[in-house]
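Structure at a glance
Okay, here's what each chain looks like letter by letter:
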Amino acid sequence: MVESEPNSRNQVGRPSPIVRPGPRALGIAINPEIDSITVGIVGLGGTVLRRVRFSVDHVPSAAEAVAISAQLIDSLREEFDLAHRAVGVGVAVPGLVRTHDGLVRLAPHLGWVDEPLAEMLEEAIGLPVVAANDARLGTLAESIFGAGRGLTDLVYLNGGASGIGGGAIVNGAPLRGISGYAGEFGHTLVNSSGVICHCGARGCLETEVSRSSLLRAVGLADVDADELENALLASDSPIVAAEIIRQIDTLAITLRNAINTLNPQLIVLGGFLGALYAVDAARLELRVGEQSLPSARDSVRIARAELGTRLLMIGAAELAFESILSDPSSF
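How each quantity is defined
Residues numbered from 1 in each chain as written. Predicted model: local features only at pLDDT ≥ 70, side-chain atom pairs only at ≥ 80, totals over all residues. Heavy atoms only, no water. Helix = DSSP H or I, 4+ residues; strand = E, 2+ residues; numbered from the N terminus. Buried < 20%, exposed > 50% of the residue type's maximum accessible area, 1.4 Å probe, protein only. Arc of directions from axis to C-beta. Contact = heavy atoms within 4.5 Å. Axes fitted to C-alpha atoms, helices over the stretch in contact; angles between N-to-C directions. Parallel < 35°, antiparallel > 145°, perpendicular 65-115°, else oblique. Left-handed = near helix turned anticlockwise from the far one by under 90°. Nonpolar A, V, L, I, M, F, W, Y, C, P; charged D, E, K, R; others polar. pLDDT = per-residue confidence, 0-100. Pairing = 2+ DSSP bridges. Salt bridge = Lys/Arg side-chain N within 4 Å of Asp/Glu carboxyl O.

1. Focus on unusual backbone geometry
Even without being a glycine, N171 presents a positive backbone phi close to 55°. Position of N171 relative to the elements: it lies in the loop between strand 12 (163-170) and strand 13 (173-174). Take N171: its relative accessible area is 65%, and that puts it in the exposed class. In this model, N263 sits at a positive phi of 50°, which is unusual for a non-glycine residue. We classify N263 as partly exposed; its relative accessible area is 44%.

Put into structure tokens, the structure is as follows:
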């Protein structure tokens, strides 16, 4: 905690000192996925100081994710002296998370149902833990530190190993819904003849546009979004080109719906969706423009996420910082 003297001009009496978090305050970020657990150490202002990705050879249970996260954090404690300056832990979960207590109601790709993840992590780590949907946290990070800085209305879609999630900022505030589940763009209809999704509906976006299909096309297995993008850009295979076109044309349907429904200033694409945009931005712009209401399309632009692989680390850490930013004296 740091105290500083306020500007006392034009004030009557002695003003109170300003209290703000000190530069030693750090947040811990965790992102469990179907193929890895990633832990990051993040400073105030969105600076990722350290990021460790631990690959797993099977989909981890909630208990396994907690144990791996605790081990990774323990290994970082000596490096950053976290016991003295960590303010808490934020967890970016690829699934539906109940806002008030961090209960993971459903993370379908992980196979988690009603897992008290925040509570389990608090017991294992000994720090306060807050959990939320990963795409919601990506939306938060991009709106504060990334492509959405200074904007009041934006839509964010992220593509990862566990599917497609999304979030929105509407009139300057996050769109949460009554229980925090708003923004599931991955489950909007894009193909009425498509396969049945795990959610029970047919033809959802994340069944038609997927990281796994792109990886199969380029012949890769375990890579991050940057490596996948490089592989897509370098490929001269007609099979890869056809898969890119198919996925871009399908993604355009969901973006059209987001534009027509929410009238945003910006649509931000993260993860492998950002890679698709990088490979053929012109085609995506064209397909979205052909289908959207002209009045809404004219006021929106499409961009890729600026924060890259730091995105969810920054978003999850901001979740951890929320309590001390609202009450710095508590740290």
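Now that the structure has been shown, we can carry on.
2. Details of helix 3 (residues 117-125)
Within helix 3, the full set of buried residues consists of L117, A118, L121 and I125. Buried residues in helix 3, looked at end-on, bunch into an arc of 95°, giving them a common side. On its buried face, helix 3 sits against strand 3 (26-32), helix 1 (62-80), strand 6 (86-93), strand 8 (104-107), strand 9 (112-115) and strand 10 (129-133). Remark: G126 follows helix 3 within two positions and exhibits a positive phi of approximately 80°.

3. Notes on the packing of helix 8 (residues 238-262) against helix 10 (residues 281-291)
Where helix 8 meets helix 10, the closest approach of the two axes is 8 Å, and the angle between their N-to-C directions is 45°. It follows that helix 8 is oblique to helix 10 by the angle criterion. As for the relative orientation of helix 8 and helix 10, their crossing is right-handed in sense. Where helix 8 abuts helix 10, its residues I245, I248, D249, L251, A252, I253, L255, R256, I259 and N260 lie against R283, L284, R287, V288 and Q291. Looking at the contact of helix 8 with helix 10 residue by residue, the class counts come to nine nonpolar, two polar and four charged.

4. Digging into the confidence of the model for the chain
Caution is warranted with low-pLDDT regions, since their predicted coordinates should not be read in detail. On average, residues of the chain carry a pLDDT of 88, and 89% of them reach 70 or more. Low pLDDT, under 50, characterises residues 1-22; the stretch is placed with 30 contacts to residues that sit more than four places away or in other chains.

5. Topic: the sheet that holds strand 12
Sheets are built from strands that pair by backbone hydrogen bonding, the pairs being arranged parallel or antiparallel. Strand order in the open sheet formed by five strands is 13-12-11-14-15, with mixed pairing between adjacent strands. With partners counted over all chains shown, the strands left at the sheet margins are strand 13 and strand 15 (301-304), one partner each. In this sheet, strand 15 lies alongside strand 14 (residues 266-271) in parallel orientation, the contact comprising four bridges. Across the sheet, L266 pairs through a bridge with R301, a residue of strand 15. Its contacts with the sheet place helix 4 (residues 134-145) against strand 11 (154-160), strand 12 and strand 14, and it is angled at close to 45° to strand 12. Where helix 9 (residues 272-279) meets the sheet, it contacts strand 11, strand 12, strand 14 and strand 15, and its direction lies at approximately 110° from that of strand 14.

6. Details of the packing of helix 7 (residues 225-234) against helix 9
Where helix 7 contacts helix 9, the two axes come as close as 9 Å, and the packing angle between them is 25°. In terms of orientation, helix 7 lies roughly parallel with respect to helix 9. Judged by the twist between their axes, the crossing of helix 7 over helix 9 is right-handed. Side by side, helix 7 and helix 9 meet where A225, L228, E229, L232 and L233 of the first sit next to F272, A275, A278 and V279 of the second.

7. Observations regarding the pattern of salt bridges
In total, this model carries 13 salt bridges according to the counting rule given. Between D101 and R98 there is a salt bridge, with its nearest N and O atoms 2.5 Å apart. Residues R287 and D249 are paired through a salt bridge, measuring 3.3 Å at the closest nitrogen-oxygen approach. Here the residue R287 occupies a position in helix 10, and D249 occupies one in helix 8, the gap between them amounting to 38 residues. Within the structure, one salt-bridge network assembled from shared partners comprises D249, R283, R287 and E290.

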